[in-house]
Amino acid sequence: MVRAWFMDDSTEDQRKQHMTDPPQMVELDYLKEQGVLYWKIDVDNMKEEGVLDKIRKDRGYTYEDHIECTPEKLENYEEKLKHFYTEHMHADEEIRLFMDGSGYFDIRDRNDKWVRIECIKGDMLILPPGIYHRFTMDEKDYTKANRYFVGEPVWTPHNRPCEEHPSRKGYVEKYPAHEKK
């Protein structure tokens, strides 16, 4: 099952876990409240299992590509990591199935706090349009993932702030912040 936690405020290497002390773990239901969807996929038996095919059909994902992130395979690796780690949102869902390796998706919750989601082999995440997020590798420096899209792929990041973007407005309306007590 996916592990997630509220992040500390350290500016130390982004590839570290960045858990608070003591750790403040986040349950899957909390991620759902932020609009994040999660499945555990048996990537070694995907065809037989059929879960991915059903998700793709139900959600209309018609395009798939693959990315392998490691210093040996990704050109300008360190520069790409900086780019991935810049806080942004997309007009469409961001869908990733981790085929191997590991890494972290960080999302801003509805109260603007960072939540780190640890992604390992078999984890499938869907981030809703308009959610602020970023991605980084962990200290193993290796991940291999499938990316899914409805129609032709669109990778356009909209860096924060972009509160007037229609997808951001839609996200804020659908997932309003909790009242502070």
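Student: Could you give an account of the packing of aromatic side chains, with specific residues and numbers?
Tutor: Overall, the coordinates contain eight aromatic pairs when judged by the stated rule. Among the aromatic residues, ring-to-ring pairing joins F84, F98, F105 and F135 into one connected group.

Student: How would you sum up the side chain of D141? Please name residues and give values.
Tutor: Summarising the element assignment, D141 is placed in the loop between β9 (133-137) and β10 (143-149). Those residues within four positions of D141 in sequence are excluded, and the remaining contacts are R15, C69, T70, P71 and Y77.

Student: With reference to specific residues and values, describe the nonpolar core.
Tutor: L31, V36, I107 and I117 are the most contacted members of the largest nonpolar core, which has 27 residues in total. Elements represented by at least two residues in this core include exactly α1 (28-33), β4 (63-69), α4 (77-84), β6 (94-108), β7 (114-120), β8 (123-127) and β9. If sequence neighbours within four positions are ignored, V36 has contacts with L31, I107, I117, L125, I126, L127, P128 and I131. Of all hydrophobic cores here, the second largest spans 12 residues; its members include L52, M124, I126 and Y148.

Quick notes on the rules
Residues numbered from 1 in each chain as written. Predicted model: local features only at pLDDT ≥ 70, side-chain atom pairs only at ≥ 80, totals over all residues. Heavy atoms only, no water. Phe/Tyr/Trp six-rings, centres within 6.5 Å; stacked < 30°, edge-to-face > 60°. Helix = DSSP H or I, 4+ residues; strand = E, 2+ residues; numbered from the N terminus. Contact = heavy atoms within 4.5 Å. Core = buried A, V, L, I, M, F, W, Y, C linked by side-chain atoms within 4.5 Å. Buried < 20%, exposed > 50% of the residue type's maximum accessible area, 1.4 Å probe, protein only.

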